[in-house]
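The lines below spell out each chain.
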Amino acid sequence: VGEFFHVSRTYIFEDSEDGKYTSNTYEWCEAGITPEIKYLQNISYEKIGYGELFDADGLFVCADATQVNESVRRMLEPQGIKAMVQYLIFDDGKKRGFIGFDDCRQVRPEWYDDKMLQETLITTSRLLSTFLIKERNMERIVAYQQILSEKLLEEKRLRCETMLANQAKSTFVSSVSHDMRTPLNGILGSVELAKEELNNPGNLLDYL
């Protein structure tokens, strides 16, 4: 895409869940252009005033980067950006980030006037957005299924532990009951015999 539109960089920024911050997650650079992705993480929309730049359709066209507000210009200048086009990513009406195209070689006044070029950039951005949102939603589904599976496994583990504990308790009680019953029967028999002899002392003397 970057090569087709003769730009220096093509990139995707994805927003935090609360929509207050955005991070560069994908970046392509033409030969001789310095990658910036590692420096563009957790950027505050409020701090740089980025929320004001996009129009009602989610498009931001800047044919000359010197014309943006000062806070944005301070961010763009170290990246060598001369011109840029950006388009918001939406998912169910919620802003999720944006896709951008930078030219670090020259200003691009035609980006203001060439409506066909703008529409082509917008269409391309929408297609990329669709693929990105599909990928992210699939990741969320997989993550949710993993959490659900882990929860079910934990429940099964607890049930197994409870069942094994109950079995062990039953086995222990049964074993103790059996092991104690034999000597206790002998003791009880001796006690009964002793009681009988106490009641009839003559029997004991005859026995002796």
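Please read these numbers as outputs of a predicted model, since none were measured by experiment.

1. Structural notes on the nonpolar core
Counting 20 residues, the largest nonpolar core has Phe60, Leu76, Met84 and Phe98 as its most contacted members. Top element by residues in this core is helix H2 (residues 70–76). It accounts for three residues. Val85, Tyr87, Trp111 and Ile133 belong to the second largest nonpolar core, which has 17 residues in total.

2. Considering the pattern of salt bridges
Per the counting criterion, the structure on display carries 11 salt bridges. A salt bridge links Glu36 to Arg9, with the nearest nitrogen and oxygen atoms 3.7 Å apart. In this pair, Glu36 sits in the loop between strand S2 (21–29) and strand S3 (43–44) while Arg9 sits in strand S1 (residues 9–15), placing the two residues 27 residues apart along the sequence. Each member of the pair, Glu36 as well as Arg9, carries the same accessibility label: buried. With a shortest N-O distance of 4.0 Å, Arg96 and Asp91 are connected by a salt bridge. The burial state of Arg96 is the same as that of Asp91; both residues are buried. Beyond isolated ion pairs, a larger network of salt bridges with shared partners links Arg9, Glu27, Glu36 and Asp102.

3. A word on the side chain of Gln86
The residue Gln86 is located in strand S5 (residues 83–91) in this model. Overall, the relative accessible area of 1% leaves Gln86 in the buried class. Within the local environment of Gln86, its side chain forms a polar contact with the side chain of Tyr11, the two groups lying 2.9 Å apart.

4. Structural notes on a nonpolar patch on the surface
On the surface, a nonpolar cluster with roughly 260 Å² of combined accessible area is contributed by Met138, Ile141 and Val142. Within the element layout of this structure, Met138 appears in helix H4 (residues 115–199). Assessed through its relative accessible area of 45%, Met138 is described here as partly exposed.

5. A look at the environment of Arg9
A relative accessible area of 2% places Arg9 in the buried class. Other than its neighbours up to four places away in sequence, Arg9 contacts Glu27, Trp28, Cys29, Ile33, Thr34, Glu36, Gln79, Ile81, Gly100, Phe101, Asp102 and Cys104. A polar side-chain atom of Arg9 sits 3.1 Å from the main-chain carbonyl oxygen of Thr34. Within the structure, Arg9 has its side chain in polar contact with the backbone oxygen of Gln79 (distance 3.0 Å).

What counts and what doesn't
Residues numbered from 1 in each chain as written. Predicted model: local features only at pLDDT ≥ 70, side-chain atom pairs only at ≥ 80, totals over all residues. Heavy atoms only, no water. Core = buried A, V, L, I, M, F, W, Y, C linked by side-chain atoms within 4.5 Å. Buried < 20%, exposed > 50% of the residue type's maximum accessible area, 1.4 Å probe, protein only. Helix = DSSP H or I, 4+ residues; strand = E, 2+ residues; numbered from the N terminus. Salt bridge = Lys/Arg side-chain N within 4 Å of Asp/Glu carboxyl O. Polar contact = N/O pair within 3.5 Å; in protein donor to acceptor, adjacent residues only side chain to side chain. Patch = residues over 30% accessible without salt bridge, like charges linked within 9 Å, V, L, I, M, F, W, Y side chains within 5 Å. Areas by Shrake-Rupley, 256 points an atom, 1.4 Å probe, with all protein chains shown as cover. Contact = heavy atoms within 4.5 Å.

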